[in-house]
Amino acid sequence: KAGVTQTPRYLIKTRGQQVTLSCSPISGHRSVSWYQQTPGQGLQFLFEYFSETQRNKGNFPGRFSGRQFSNSRSEMNVSTLELGDSALYLCASSLESTQETQYFGPGTRLLVL
Amino acid sequence: QQQVKQSPQSLIVQKGGISIINCAYENTAFDYFPWYQQFPGKGPALLIAIRPDVSEKKEGRFTISFNKSAKQFSLHIMDSQPGDSATYFCAVKAAGNKLTFGGGTRVLVKP
């Protein structure tokens, strides 16, 4: 089985722009979670989607949003980018919303200039 | 509010030695305690995990020790190898699928 794939792998944006990141979970997995990884704050949970519904949300501003499609693929969007949004954005998938094992993708590295 | 405190931040160990990483948590509602391994340029990968009804779990050279009363758990890497050089994260999970991670430990195994 193919693993979790994320596109694009690298992205450079300027302040004020918006960005959309994509995640394709492992085939058959229905839960997709997003995490932000920075040197200062570490790994932080953004949100989780299951069956096209947001199930959990972390403590991030409303500029961070996401959605999930009927094929379980997920996108996250960050609007009005700030320098502090520069980070590695990781997507993780699991079979069900309560399944414990989450499989991470390689991440999308976003640089905001 | 730091829910999971991980130590040390970095660790250097000789090949064949034992690496020990510790995590402490505050919320007794957590019921799943995984450890993840991350190599540069890669996403975290699940290494080993434990539930609070077990005090120890071993998988190959990796062992989790869990102390429920102290609200602490640790990862022991036996016979450390250069290929184990990576960053290790502990995490906790309550109901739902949200993982809360520790700050990470960078492990360097010297040959």
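Note that the coordinates shown come from a computational prediction; the quantities given were computed from them, not determined experimentally.

**Here we look at the overall build of chain A**
Helix and strand counts for chain A come out as zero helices and 11 strands. Along its sequence from the N terminus, chain A presents helices and strands in the succession β-β-β-β-β-β-β-β-β-β-β. The long-range fraction of contacts in chain A, counting pairs at least 24 apart against all pairs at least 6 apart in sequence, stands at 55%. In the structure as shown, chain A presents an accessible area of about 5,300 Å², 48% of it carried by carbon and sulfur atoms. The averaged location of the 7 negative side-chain charges in chain A is 7 Å from the averaged location of its 11 positive side-chain charges.

**Side note on the packing of aromatic side chains**
Counting across every chain of the model gives 17 aromatic pairs over all chains. Between Tyr25 of chain B and Phe33 of chain B, the ring centres sit 4.9 Å apart and the planes meet at 45 degrees, which makes this aromatic pair tilted. Both residues of the pair, Tyr25 of chain B and Phe33 of chain B, count as buried. Judged by centre distance (6.4 Å) and plane angle (40 degrees), the rings of Phe66 of chain B and Phe73 of chain B are tilted. Clustering of aromatic rings is evident, with ring pairs tying together Tyr35, Phe45 and Phe104 of chain A together with Tyr36, Phe89 and Phe101 of chain B.

**Remarks on the pairing of strand β9 (residues 87-94) of chain A**
For a regular strand, side chains alternate in direction, first toward one face of the sheet and then toward the other. All names here are of chain A. The element β9 is extensively covered by neighbouring structure, given that eight of its eight residues are classed as buried. Side chains Ala87, Tyr89, Cys91 and Ser93 project from β9 onto one buried face, and the interleaved Leu88, Leu90, Ala92 and Ser94 project onto a second face that is buried too. Relative to β9, strand β4 (residues 31-38) is paired through seven bridges, and the arrangement is antiparallel. Across the sheet, Ser33 pairs through a bridge with Ala92, a residue of β9. With three bridges connecting them, β9 and strand β11 (residues 108-112) associate as antiparallel partners.

**Focus: a nonpolar patch on the surface**
The grouping of Ile12, Leu111 and Leu113 of chain A at the surface amounts to a nonpolar patch, some 300 Å² of accessible area in total. Note that Ile12 of chain A resides in strand β2 (residues 10-13).

**Section: the nonpolar core**
Generally speaking, a soluble globular protein has its nonpolar side chains buried in company with each other. Counting residues in each nonpolar core, the largest one holds 23 residues, and the members touching the most others are Tyr25, Phe33, Trp35, Phe73, Leu75, Tyr88 and Val92 of chain B. Of all the elements in the fold, those that place two or more residues in this core are β3 (19-25), β4 (33-38), β5 (45-50), β7 (62-67), β8 (72-77), β9 (86-93) and β11 (105-110) of chain B. Residues in contact with Leu75 of chain B, not counting those within four places in the same chain, are Ser19, Ile20, Ile21, Trp35, Leu47, Ile48, Phe62, Thr63 and Tyr88 of chain B. Core analysis: the next-biggest nonpolar cluster, separate from the first, contains 21 residues, Val4, Leu11, Cys23 and Trp34 of chain A among them.

Conventions and cut-offs
- Residues numbered from 1 in each chain as written.
- Chains lettered and ligands numbered in written order.
- Predicted model: local features only at pLDDT ≥ 70, side-chain atom pairs only at ≥ 80, totals over all residues.
- Heavy atoms only, no water.
- Helix = DSSP H or I, 4+ residues; strand = E, 2+ residues; numbered from the N terminus.
- Contact = heavy atoms within 4.5 Å.
- Areas by Shrake-Rupley, 256 points an atom, 1.4 Å probe, with all protein chains shown as cover.
- Lys, Arg positive; Asp, Glu negative; His and termini not counted.
- Charge placed at Lys NZ, Arg CZ, Asp CG, Glu CD.
- Phe/Tyr/Trp six-rings, centres within 6.5 Å; stacked < 30°, edge-to-face > 60°.
- Buried < 20%, exposed > 50% of the residue type's maximum accessible area, 1.4 Å probe, protein only.
- Pairing = 2+ DSSP bridges.
- Patch = residues over 30% accessible without salt bridge, like charges linked within 9 Å, V, L, I, M, F, W, Y side chains within 5 Å.
- Salt bridge = Lys/Arg side-chain N within 4 Å of Asp/Glu carboxyl O.
- Core = buried A, V, L, I, M, F, W, Y, C linked by side-chain atoms within 4.5 Å.

In short, geometric facts, not functional conclusions.
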